[in-house]
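Residue-level structural notes
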Amino acid sequence: PEDNLESIFDRMYKWAKCAAFGQGNGLDISNLRPAGSVLKNSAVTSTGAVSMAPMYNAVLSVIAQQGRRGASLISIKINHPDVEKFITAKADSKALETANISIQVTDDFMVAVRDNLEYELTFTSPYETITKKINARELFRKIAEQAWKSAEPGLQFFETARKMSNSDALGYPIVSTNACFRGDTLIAVA
């Protein structure tokens, strides 16, 4: 979804329609403002990208697919300021029960992990740019630890997926993918 209520709820409607026909759903929330960012409405500040995930989860909790609940994948980019909150979005075993979660990891982030460098989280809205510097290796360690605890989040090596896919050339750029690594595989990498 784009960073406005109309798009968020339009995508939710499409999410429900796909689920009603038995299709899996995928959603990238990277376009949504991080928590605490400026809004020009009565809320004053955003509740954040991660706060929208439970709404999409709720849709699939009530739309049945031949007697079973829908399944989905929700992703966020590694440089989004809400990524740390996203890492633990499923720490509670009852949270986001219909969704797997994955982080879209970039090559520059993995270089920063390898070299133990700072990495900048950033988001630009119409009203401000939010930036935060974090240690890449420590962030990766948080991902690995949470994946060890709950098998989530997974990692999407997004640039690799784009390099290996012909979808861009066909006019359908990749927005998200199924996770490249899950749970114990992630720990082996860490």
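Structure first, text after, so check above.
Summary of the structure given here. Here the structure is a predicted model, which is why all the values come from computation and not from measurement.

Thoughts on the overall build of the protein chain
What the protein chain contains, in helices and strands, is seven helices and eight strands. A burial count over the protein chain gives 43% of its 190 residues as buried.

Here we look at the layout of surface pockets
Taken as a whole, the largest pocket encloses approximately 300 Å³ of empty space. L5, I8, L39, N41 and M52 are, among the 15 residues lining the largest pocket, the residues nearest its centre.

Things to note about the pairing of strand β7 (residues 129–135)
Pairing analysis gives seven bridges linking strand β6 (residues 118–124) to β7, with the strands arranged antiparallel. For E120, the partnering residue across the bridge sits in β7 and is K133. Count of turn residues in the β6/β7 antiparallel hairpin: four residues.

Things to note about the side chain of S72
Position of S72 relative to the elements: it lies in strand β4 (residues 72–77). Sequence-distant contacts of S72, defined by excluding residues within four places in its chain, comprise W15, N25, L60, T98, A99 and N100.

Observations regarding unusual backbone geometry
Note: most peptide bonds trans; most residues except glycine with negative phi. The residue after E152, namely P153, is reached through a cis peptide bond having omega 10°. Structurally, P153 can be placed in the loop between α5 (136–150) and β8 (154–157). A positive phi angle is found at L96, which is not glycine, with a value near 50°. Structurally, the position occupied by L96 is in the loop between α3 (83–87) and β5 (99–105).

So, the pairing of β5
Counting buried positions along β5 gives six out of seven residues, so the element sits mostly inside the fold. As paired strands, β4 and β5 are joined by six bridges and run parallel to one another. Bridge pairing links S72 to A99 in β5. Two elements, β5 and β8, share four bridges in a ladder whose sense is parallel. Across the sheet, residue I103 finds its bridge partner in β8, namely L155.

Overview of the sheet that holds β4
Reading across from one edge, β1-β4-β5-β8 is the order of the four strands in this open sheet, with parallel pairing throughout. The strands lining the two open edges of the sheet, one partner per strand, are β1 (25–28) and β8. Direction aside, neighbouring strands of the sheet carry axes that sit 30° apart on average. Packed onto the sheet, helix α1 (residues 5–20) meets β1 and β4 and runs at close to 160° relative to β1.

Definitions and cut-offs
- Residue indices begin from 1 for each chain and proceed along its sequence in written order.
- Where totals are concerned, whole chains, interfaces and linings use all residues; where local detail is concerned, this predicted model gives features only for residues with pLDDT of at least 70, and gives and counts side-chain atom pairs only at 80 or more.
- For side-chain calculations, the full set of non-hydrogen atoms in the structure is used, while hydrogens and water are omitted.
- Strands here are runs of E lasting at least two residues and helices are runs of H or I lasting at least four, both read from the DSSP assignment and numbered beginning at the N terminus.
- For each residue, the accessible area found with a 1.4 Å probe, counting protein chains only, is set against the maximum for its type, and the residue is called buried under 20%, exposed over 50%, and partly exposed in between.
- In this analysis a 1.4 Å probe is tested at points of a 1 Å grid over the protein atoms alone, and where it fits but cannot get out there is a cavity; an open set with protein on both sides within 12 Å along at least five of seven lines is a pocket; lining residues have an atom within 4 Å of a point.
- Grid points are joined across faces, edges and corners, and a volume is the space filled by probe spheres set on the points.
- What makes two strands pair is DSSP finding at least two bridges between them.
- Any two residues whose heavy atoms approach within 4.5 Å are treated as being in contact.
- Helix axes are fitted only over the stretch in contact, all axes being lines through C-alpha atoms; the angle between N-to-C directions runs from 0 to 180 degrees.

Function cannot be inferred from these measures alone, as they are strictly geometric.
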